[in-house]
Amino acid sequence: MALLTLIIALLFERYFHTGNSEERQKYSNANWFVAYQKRLGESFGEQSWFKGWLAEAVLILAPVILIFLLFETFGNGFLSSLIMLALAVVILVHCLGPESPRKSLRGYFSDIASDDEQGAYEHAVTFTGKEAEDWPQTQRMVSEAIFTETQRRYAAVVIWFVLLGPAGALLYRLLDWYLANNPEGSLSAPLKTIMDWIAGRISVLAYLLAGDMASGVSKIKKKFFDFNVGGMELIEETGVAAIGPVLDCETEEKQKVAENLCSLKLTERTGVILFAFVAVMSLLGWTWV
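Here the structure is a predicted model, which means the values were calculated and not measured. (Residues numbered from 1 in each chain as written. Predicted model: local features only at pLDDT ≥ 70, side-chain atom pairs only at ≥ 80, totals over all residues. Heavy atoms only, no water.)

Trainee: Could you clarify how one ought to interpret the overall build of the protein chain in this entry?
Mentor: Secondary structure assignment for the protein chain yields 14 helices and zero strands. Relative to its length of 289 residues, the protein chain is compact, with a C-alpha radius of gyration of 20 Å against a globular reference of 19 Å. Along the three orthogonal principal directions, the C-alpha set of the protein chain runs to about 60 × 45 × 40 Å. Across the 289 residues in the protein chain, those meeting the buried criterion constitute 48%. For the protein chain, contacts bridging at least 24 residues in sequence account for 70% of all contacts bridging at least 6. Summed over its atoms, the accessible surface of the protein chain is roughly 15,000 Å², and 61% of this surface lies on carbon and sulfur atoms. The averaged location of the 32 negative side-chain charges in the protein chain is 6 Å from the averaged location of its 24 positive side-chain charges. (Helix = DSSP H or I, 4+ residues; strand = E, 2+ residues; numbered from the N terminus. Rg over C-alpha atoms; globule rule 2.2 N^0.38 Å. Buried < 20%, exposed > 50% of the residue type's maximum accessible area, 1.4 Å probe, protein only. Contact = heavy atoms within 4.5 Å. Areas by Shrake-Rupley, 256 points an atom, 1.4 Å probe, with all protein chains shown as cover. Lys, Arg positive; Asp, Glu negative; His and termini not counted. Charge placed at Lys NZ, Arg CZ, Asp CG, Glu CD.)

Next comes the structure, spelled out in structure tokens:
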């Protein structure tokens, strides 16, 4: 069922790909999680036990455990399978995106096409959350962010959906939402680091298959099993290395973002390989759902 769920979810993503981003974001916003967090704080905030890692566990793990138990209690009948499929699609769509890196960078590429380098730089800072000293550094930080944002928005969610089912996808997204405002979470930060480490290694293998394997392997072969190298850090290095040589473009404007365009194409090819990975896992019955 994991493969069918992913196909339906991707069709949903495709439907909204060329539409209004705000319309798509309605299906993946964290408003309910913010309200849920506020309600828990109002109910238990003054309790001595509702502190630190235990408060985080209640906040993040309670919805995940609920979803896990819900899927475990469903029967194997036709109607039950349809309900499980529909619920799995809703959860997966909710956890994906809500916007592809290519769409997030439309303003960036548009400014470059208009020869507005300052405008493009501002879009780059917004997308990456970093600042650069010159244009080559700007282009490189955008490329790195393309790989990490693709991983955070899509690849990691799909990988954990395959490994742990809808509960795994939801756990990853809830950790991502929580850490956006609480980066020093005593439970959530280490747990997210572990999940990124595992998912990052799987994605790295896909990048090597989709891109310049020789350059990628030489860059990360000593870091692949290093527990001190985070998943996102490895994704950045492998993605940039797997791009391979960037050919000269026909215009100066395109040359300024040539590496970024190659990065987007590489993430899309990698997505195809991850889809094949899901298909094989599903056919072998090695998925959670």
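Trainee: In this structure, what is going on with helix α4 (residues 52-73)? I would like to understand it.
Mentor: One turn of the α-helix equals 3.6 residues, which is why residues spaced by three or four share an orientation. The terminal C-alpha atoms of α4 lie 31 Å apart, and with 22 residues this matches the ideal 32 Å at 1.5 Å per residue to within 8%. Along its length, α4 reaches its greatest deviation from straightness, about 40°, at Leu-61, and the proline Pro-63 lies no more than four positions downstream. Listed in full, the buried residues belonging to α4 are Ala-55, Glu-56, Ala-57, Leu-59, Ile-60, Pro-63, Val-64, Ile-67 and Phe-71. Buried residues along α4 sit in contact with α3 (31-44), α5 (78-95), α9 (135-181) and α10 (188-210). (Expected span 1.5 Å × (residues − 1). Bend = angle between axes of the 7 residues up to and from the residue.)

Trainee: Even after reading the chapter, I still don't get the packing of α9 against helix α14 (residues 258-283), so can you show me in this structure?
Mentor: For any two helices packed against each other, one specifies the inter-axial angle together with the distance between the axes. Their axes nearest at 9 Å, the elements α9 and α14 cross at an angle of 10°. By the criterion of interaxial angle, the relationship of α9 to α14 is roughly parallel. Crossing of α9 against α14: the hand is right-handed. Here Gln-139, Arg-140, Val-142, Ser-143, Ile-146, Phe-147, Thr-150, Ala-155, Val-158, Ile-159 and Val-162 of α9 lie close against α14, whose contacting residues are Ala-258, Glu-259, Asn-260, Ser-263, Leu-264, Leu-266, Thr-267, Leu-274, Phe-277, Val-278 and Met-281. Each residue belonging to the contact of α9 with α14 can be placed in one class, and the counts come to 14 nonpolar, six polar and two charged. (Axes fitted to C-alpha atoms, helices over the stretch in contact; angles between N-to-C directions. Parallel < 35°, antiparallel > 145°, perpendicular 65-115°, else oblique. Left-handed = near helix turned anticlockwise from the far one by under 90°. Nonpolar A, V, L, I, M, F, W, Y, C, P; charged D, E, K, R; others polar.)

Trainee: Help me out: how do you make sense of the confidence of the model for the protein chain in this one?
Mentor: Any region with low pLDDT has predicted coordinates that should not be read closely. Across the protein chain, the average pLDDT comes to 91, with 95% of residues at or above 70. Of all the helices and strands in the protein chain, helix α2 (residues 21-25) carries the lowest mean pLDDT, 69, while α10 carries the highest, 97. (pLDDT = per-residue confidence, 0-100.)

Trainee: Just checking my understanding: could you explain the packing of aromatic side chains for this structure?
Mentor: Each aromatic ring pair is specified by the distance between its two centres and by the angle formed by the two planes. Tallied over the entire structure, the rule returns 14 aromatic pairs. One aromatic cluster is present, formed by Trp-32, Phe-33, Tyr-36 and Trp-177 through successive ring pairs. (Phe/Tyr/Trp six-rings, centres within 6.5 Å; stacked < 30°, edge-to-face > 60°.)

Trainee: Could you clarify how one ought to interpret a nonpolar patch on the surface in this entry?
Mentor: On the surface, Ile-65, Phe-68, Leu-69, Leu-164 and Trp-288 cluster together into a nonpolar patch covering about 450 Å² of accessible area. By residue number, the principal contributor to the nonpolar patch is α4, which donates three residues. Checked against the element boundaries, Leu-69 lands in helix α4. (Patch = residues over 30% accessible without salt bridge, like charges linked within 9 Å, V, L, I, M, F, W, Y side chains within 5 Å. Salt bridge = Lys/Arg side-chain N within 4 Å of Asp/Glu carboxyl O.)

Trainee: For this particular structure, what's the right way to read the environment of Val-162?
Mentor: Of note, Val-162 is situated in helix α9. A relative accessible area of 0% means that Val-162 is categorised as buried. Distance from Val-162 to Ser-188, taken between C-alpha atoms, is 21 Å for residues 26 residues apart in sequence. Once you skip the residues sitting within four places of it in the chain, Val-162 turns out to touch Phe-277, Val-278, Met-281, Trp-286, Thr-287 and Trp-288.

Trainee: What am I meant to see in the packing of helix α8 (residues 117-128) against α9 here?
Mentor: Interaxial distance between α8 and α9 falls to 9 Å at its minimum, and their mutual angle equals 35°. The handedness of the crossing between α8 and α9 is left-handed. When α8 is examined against α9, the residues Glu-117, Ala-120, Tyr-121, Ala-124, Val-125, Phe-127 and Thr-128 are found in contact with a partner set consisting of Trp-135, Thr-138, Met-141, Val-142, Ala-145, Ile-146, Glu-149 and Arg-153. Here the residues of the contact of α8 with α9 sort into 10 nonpolar, two polar and three charged.

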